[in-house]
Each structure stands twice: as C-alpha cells, then as structure tokens.
Amino acid sequence: MFDGEGGHTDIERPANPGAVSMTLATSTGPYPVNGSASGEFERLARLATLVLNEHIDDAGLCAACRGVAFPCQFAVLAEHNTALVS
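Calculation notes
Residues numbered from 1 in each chain as written. Predicted model: local features only at pLDDT ≥ 70, side-chain atom pairs only at ≥ 80, totals over all residues. Heavy atoms only, no water. Core = buried A, V, L, I, M, F, W, Y, C linked by side-chain atoms within 4.5 Å. Buried < 20%, exposed > 50% of the residue type's maximum accessible area, 1.4 Å probe, protein only. Contact = heavy atoms within 4.5 Å. Axes fitted to C-alpha atoms, helices over the stretch in contact; angles between N-to-C directions. Helix = DSSP H or I, 4+ residues; strand = E, 2+ residues; numbered from the N terminus. Left-handed = near helix turned anticlockwise from the far one by under 90°. Nonpolar A, V, L, I, M, F, W, Y, C, P; charged D, E, K, R; others polar.

Enquirer: Requested: an account of the nonpolar core, with residues and values cited.
Expert: C62, A64, C65, V68, C72, F74 and A75 together form the largest nonpolar core, which totals 7 residues. Residue contacts for C62: discarding those within four places in its chain leaves H55, I56, V68, A69, F70 and C72.

And the structure:
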C-alpha cells in the first residue's frame, strides 16, 4: 500500500533516513526488441521527469526522501539521465 509520500510502501521505506533504496518503476521481464534504442531513451526521459518532479528542493531537503539533503541521489541520477537523452 502506498503512503502517498515519495511513492514508497511501508516495506520499501528505508529504516535509516540517510539510507538509499531504489524501487524500479517498470515491470519485470524482457522488453521487446525493435532494433532501435529510441523507445528506451524515451522511457528513460519520462521516468527521469517523474523523479525530478517528485524529488524537489524543500528548504534544502528533498521533499520525497524525508530528511535527506537536496539534491538527493535520485535527483542527481535523474538529472544525468535527462542530460543523456537530450
């Protein structure tokens, strides 16, 4: 069950506020191969946008990570992915 903050379930939430956990936003299993990576880059760009919209600066802390300084590792990684696909 989602708690509405950061998209984490109670099971996935790190016990230590400084700890980092990652939840995949995609289903498990193989993706169809169509001979082009453009679909994967589009998916990466959409996911990075979702992460950047959730992990925002809230008075120097990440709004999604509870007690973690902004920018958190998720925001930094999403920024890198956005730059990669631009």
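Enquirer: Which residues make up the packing of helix 1 (residues 38-54) against helix 2 (residues 73-85), and what are the values?
Expert: Where helix 1 contacts helix 2, the axes come no closer than 9 Å and their chain directions differ by 145 degrees. As helix 1 packs across helix 2, the resulting crossing turns out to be left-handed. Within the contact between the two elements, helix 1 uses F41, L44, A45, A48, V51 and L52 and helix 2 uses F74, A75, A78, E79, N81, T82, L84 and V85. Each residue belonging to the contact of helix 1 with helix 2 can be placed in one class, and the counts come to 11 nonpolar, 2 polar and 1 charged.

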